[in-house]
Amino acid sequence: MTTPSHLERLNPEQLAAIETTEGPLLVLAGAGTGKTRVLTTRFAHILLSGRAKPWQVLAVTFTNKAAREMRERISFILGAPAEGLWLGTFHALCARMLRRHAEHVGLTSGFLILDTDDQLRLLKQVIEPWRVDVKRWPLPGLMGIIQRWKDRGLTPDAITPAENVDYADGHARAIYAAYQTRLRELNACDFGDLMLHMVEILRKHPDVLEQYHRMFRYILVDEYQDTNTVQYLWLRLLARRPGDVSNICCVGDDDQSIYSWRGAEVENILRFEQDFPGATIVRLERNYRSTAHILGAAAGLISHNDGRLGKTLRPGREDADGEKVRVVGVWDSDAEAREICMRIERLHGEGHPLGEIAILVRAGFQTRAFEERLVQTGIPYRIVGGVRFYERAEIRDALAYMRALVNPADDLAFERIVNVPKRGVGTAALQKMHVQARARQQPLAPTLAAMIEEKLIKGKSADKQAEFIAALSGARATLAKEGHVVAVETLLEESGYLDMWRNDTAPDAPGRVENLHELVRALADFPTLGEFLEHVSLVMDTEGASEEQKVSVMTLHGAKGLEFDTVFLPGWEEGVFPSQRTLDEGGNKGLEEERRLAYVGITRARHRLTILHASSRRIYANWQESMPSRFLDELPDEHVEREGENATRQARRDHSGLFSSSVFSDDISGSMSPLVAKRRKRMQEELAASTPQIKVGTRVFHQKFGYGVVIEADRGATEVSFEKSGIKRVMSSYLQPIAD
DNA sequence: CCTGAACGCTTTTTT
DNA sequence: AGCGTTCAGG
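Values in this document were obtained by computation on a predicted structure and should not be read as measured data.

## Focus: the UniProt feature "domain: UvrD-like helicase ATP-binding" (unreviewed entry) in chain A
Moving on, step 1. The UniProt record annotates "domain: UvrD-like helicase ATP-binding" (unreviewed entry) at residues 8-291.
Moving on, step 2. As annotated, residues 8-291 has a helix share of 46% and a strand share of 12%, and its two end C-alpha atoms lie 24 Å apart.

## Here we look at the pairing of strand 3 (residues 86-89)
Moving on, step 1. The pairing of strand 2 (residues 57-61) with strand 3 spans four bridges and is parallel. The residue of strand 3 that forms the bridge with Ala59 is Leu87.

## Brief notes about the protein's contact with DNA strand B
Moving on, step 1. Near DNA strand B lie 26 residues; those nearest to it are Arg362, Lys422, Gly426, Thr555 and Arg581.
Moving on, step 2. The sugar-phosphate backbone supplies 61% of the atoms of DNA strand B found within 4 Å of the protein.
Moving on, step 3. Between DNA strand B and Arg362 there is a distance of 2.5 Å, counted from a base oxygen to a side-chain nitrogen or oxygen.
Moving on, step 4. At 3.4 Å from a phosphate oxygen of DNA strand B is found a main-chain nitrogen or oxygen belonging to Gly424.
Moving on, step 5. Taken together, the residues of the surface near DNA strand B sort by class into eight nonpolar, twelve polar and six charged.

## Remarks on unusual backbone geometry
Moving on, step 1. Across the junction of Val420 and Pro421, the peptide omega takes the value 0°, indicating a cis bond.
Moving on, step 2. Along the chain, Pro421 turns up in the loop between helix 17 (411-417) and helix 18 (427-440).
Moving on, step 3. Following Phe577, the chain continues to Pro578 via a peptide bond in cis, the omega torsion being 10°.
Moving on, step 4. Looking at where Pro578 falls in the secondary structure, it is placed in the loop between strand 15 (564-569) and helix 26 (580-602).
Moving on, step 5. Even without being glycine, Asn187 reaches a positive phi, approximately 55°.
Moving on, step 6. When you line up the elements, Asn187 lands in the loop between helix 7 (172-185) and strand 5 (188-189).

## Some words on the pattern of salt bridges
Moving on, step 1. For the structure shown, the criterion picks out 49 salt bridges.
Moving on, step 2. Between Glu223 and Lys35 there is a salt bridge, with the nearest N and O atoms lying 3.3 Å from each other. Placement of Glu223 in the loop between strand 6 (218-221) and helix 10 (229-239) and of Lys35 in helix 2 (residues 35-48) is noted, with a sequence separation of 188 residues between them. Of the two residues, Glu223 and Lys35, neither departs from the other in class, the shared state being buried.
Moving on, step 3. Note that Lys589 is salt-bridged to Glu267, the shortest N-O span being 3.5 Å. Here Glu267 lies in helix 11 (residues 267-270) and Lys589 lies in helix 26, a separation of 322 residues in the sequence.
Moving on, step 4. For Glu267, a relative accessible area of 30% translates into the label partly exposed.

## Let's talk about the nonpolar core
Moving on, step 1. In this structure, Leu58, Leu123, Leu194, Trp234, Leu235, Leu238 and Ile248 are the most contacted members of the largest nonpolar core, which totals 72 residues.
Moving on, step 2. Residues Tyr401, Val418, Met451 and Ala475 belong to the second largest nonpolar core, which totals 48 residues.

## Some thoughts on the side chain of Thr377
Moving on, step 1. Tracing the backbone through its elements, the reader meets Thr377 in helix 15 (residues 367-377).
Moving on, step 2. Within the structure, the side chain of Thr377 is placed 2.5 Å from the backbone oxygen of Arg373, a separation counted as a polar contact.

## Focus: the UniProt feature "binding site: ATP" (unreviewed entry) in chain A
Moving on, step 1. UniProt tags Ala29, Gly30, Ala31, Gly32, Thr33, Gly34, Lys35 and Thr36 as "binding site: ATP" (unreviewed entry).
Moving on, step 2. Within the element layout of this structure, Thr33 appears in the loop between strand 1 (25-29) and helix 2.
Moving on, step 3. Judged by its relative accessible area of 0%, Thr33 is buried.
Moving on, step 4. Leaving out residues up to four positions away in the same chain, Thr33 has contacts with Gln14, Leu284, Glu285, Arg286, Asn287 and Leu313.

## Brief notes about helix 2
Moving on, step 1. Over its 14 residues, helix 2 extends 20 Å from the first C-alpha to the last, a length consistent with the 20 Å expected when each residue adds 1.5 Å.
Moving on, step 2. Here helix 2 lies mainly inside the structure; eleven of its 14 residues are buried.
Moving on, step 3. Turning to helix 2, its buried residues are Lys35, Val38, Leu39, Thr40, Thr41, Arg42, Phe43, Ala44, His45, Ile46 and Leu47.

## Section: the sheet that holds strand 14 (residues 551-555)
Moving on, step 1. Strand order in the open sheet formed by seven strands is 13-14-12-15-16-11-19, and the pairing between neighbours is parallel. A single partner strand is all that each edge strand has here, and the edge strands are strand 13 (381-383) and strand 19 (640-643). Each adjacent strand pair in this sheet contributes to an overall mean axis angle of 20°, direction not counted.
Moving on, step 2. As defined by bridge partners, strand 13 adjoins strand 14 across three bridges and the pair is classed as parallel. In the sheet register, Ile383 faces strand 14, and the bridge partner there is Val553.
Moving on, step 3. In this fold helix 15 packs onto strand 12 (357-361), strand 13 and strand 14, with an angle of close to 155° to the strand it touches most, strand 13.

## Concerning empty space enclosed by the protein
Moving on, step 1. Using the criterion set out here, one finds one cavity of 30 Å³ or more in the structure.
Moving on, step 2. As a volume, the largest cavity reaches approximately 30 Å³.
Moving on, step 3. Lining the largest cavity we find Phe216, Arg217, Ile219, Leu238, Ala239, Arg241, Ser246, Asn247 and Ile248.
Moving on, step 4. Tallied by class, residues from the lining of the largest cavity come to five nonpolar, two polar and two charged.

## Examining the environment of Thr181
Moving on, step 1. By the element assignment, Thr181 lies in helix 7.
Moving on, step 2. Residue Thr181 is classed as partly exposed on the basis of its relative accessible area of 42%.
Moving on, step 3. Taking the C-alpha atoms as reference points, Thr181 and Thr160, 21 residues apart in sequence, are found 19 Å from one another.
Moving on, step 4. One polar contact links the side chain of Thr181 to the main-chain carbonyl oxygen of Ala177, over a distance of 2.9 Å.

What counts and how
- Residues numbered from 1 in each chain as written.
- Chains lettered and ligands numbered in written order.
- Predicted model: local features only at pLDDT ≥ 70, side-chain atom pairs only at ≥ 80, totals over all residues.
- Heavy atoms only, no water.
- UniProt positions renumbered as here; feature names shortened; annotations may be inferred.
- Helix = DSSP H or I, 4+ residues; strand = E, 2+ residues; numbered from the N terminus.
- Pairing = 2+ DSSP bridges.
- Near = heavy atom within 4 Å.
- Polar contact = N/O pair within 3.5 Å; in protein donor to acceptor, adjacent residues only side chain to side chain.
- Nonpolar A, V, L, I, M, F, W, Y, C, P; charged D, E, K, R; others polar.
- Salt bridge = Lys/Arg side-chain N within 4 Å of Asp/Glu carboxyl O.
- Buried < 20%, exposed > 50% of the residue type's maximum accessible area, 1.4 Å probe, protein only.
- Core = buried A, V, L, I, M, F, W, Y, C linked by side-chain atoms within 4.5 Å.
- Contact = heavy atoms within 4.5 Å.
- Expected span 1.5 Å × (residues − 1).
- Axes fitted to C-alpha atoms, helices over the stretch in contact; angles between N-to-C directions.
- 1 Å grid on protein atoms, 1.4 Å probe; cavity = no way out; pocket = protein on both sides within 12 Å on 5 of 7 lines; lining within 4 Å.
- Points joined across faces, edges and corners; volume = space filled by probe spheres on them.

Structure (structure tokens):
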């Protein structure tokens, strides 16, 4: 018998994880051990072997990105588009189910899914009767408590007095109940509800549960260590089929559990064997990603954690020794940024693509130093995970306009935009509208229309509000005649929303107008407005096609699941990493999670890993001495090479010349081996040949700084007087000469 | 309703 | 220190 092509070139453990289709299976997949491949191949294998039809397999991921990738890879193996699959995020799958059974929890199938802003606005209204001191008990904190309850699968009635935390004078439970009631009245759900409602339905309606038991013969779960309690309950309900085996396969890595702070329970993965008796456990430990030194460093570090399921990454490749992990001490955060940028320049000069280099930080504030330095040096970069497209104010506003357009009863959308741009609607006016709406038993939008009609509102404000109502109804007419793209364009135009940004003098205003155009463009990909909005509420990411080669700067959390040839891990100092706050709040558990985060960071690197720590760092206002992170001591010496033990000397060297040790200088050639010197010389020559002549006086263009004239030209480093940005030292390889 | 001043916060993030 | 948000007063 010949091996089917999709099962070729798999190691025995991977093969076991794929072919053990019957009965519960836990796949403990270390970083870089081919987890995604196993998951997708297993899925395809179940289909190709005829064990199940596409709709009889439930496959769950955490992010849309993971779901998308999985779908693509399955399509590739099957050689046809993977359609009709129950493959998606926990939330998207629950939303799909809930639309079928919404009436069981007092909703209709057309329920609205709220975003974070809507949730807060609603909560703000709900807490009013309690007169909660929002100074002492901030709304987001309360929202967080409610969300944690939902994460744990607790409905308001399930919250015992003991559970009712000391927040909002002990009213949290009651407020939660009122919030849920209000959501039902609005026929709306927040993200937590999608899971919570489905669990409730599956528990209370055996007929519904049975229907899914019959349908889902196989269940696949990715990143199981990140599941929270409701997600676990949902999976358990679906997997435990009376009189039948649980064909549930969970893939995860307890060493990569880094989301406990948002409700994830590592215990879920640790408890798998008890939950599903007779479970098979497969360990994937052969790592095909990183060098032996990087793996050794990671293994040494993570061995300091207790309560692990136990798993040791082994190099899967023969050629995998490579360089040792470098630990570099520097003076301060500026030196750290300089050091990293210098090394990036050197790597780039040696031909390493920038897209294969990443700087991974513990917290967002650390990115600033790097951003500044990268701009200065002219190295193309991208900060991953800033404000996402769909979270920008202008995008949310525009989406609210669209929601108000398709659904005149969407009060939350209406409230968001009724005074954007300013139409003289403040809290008082809105209050009045609410009173009227309740009296007339109709939503806010028609109420406002009626109030204007009946002259209950007068003056300039009334005119503006009338325009707003007219724009909405006008766009509704356009929607029927000319389609949704034109309708939305018209609405944003006629309502004065686009003009509001066009007339705004803030520096970011033009960008916002551009974003709005991009949003309208995206609209064309969907047949109807409704489908677009459904997509947006569940798939809150835009895969910005990264055309160009750029260095990635992101948080360690954001880097999970990614890999790079070269990784820099700055800020390994006590207080920063491990973070002081985690230590204070989470104690030893917190420390262990920080250590897992460090483990995630290390295992992102394929070939080169450099860890940095600074002797002093500015915390808020003042400079503070900082101690090297305890994690540095936990890296086995045999895999590590330590540099810059004397931070003062390091600082002096850094200041002496920006490009002193870059590939473009000759002055360190003396200390290089002849071979390296020769290779560098060739590189320089190639560079010189490929780089057009840039001399003093040449007019040039730079991606970041615009047009300018060269005032000093060295090899590599060039001083340019830019028209807009003044005099800057930049790399000549990023300059484009402009012919006069 | 809009503006400036005062206040207070400052880890990680998906859906 | 710097930013964003809230509050008091015009």
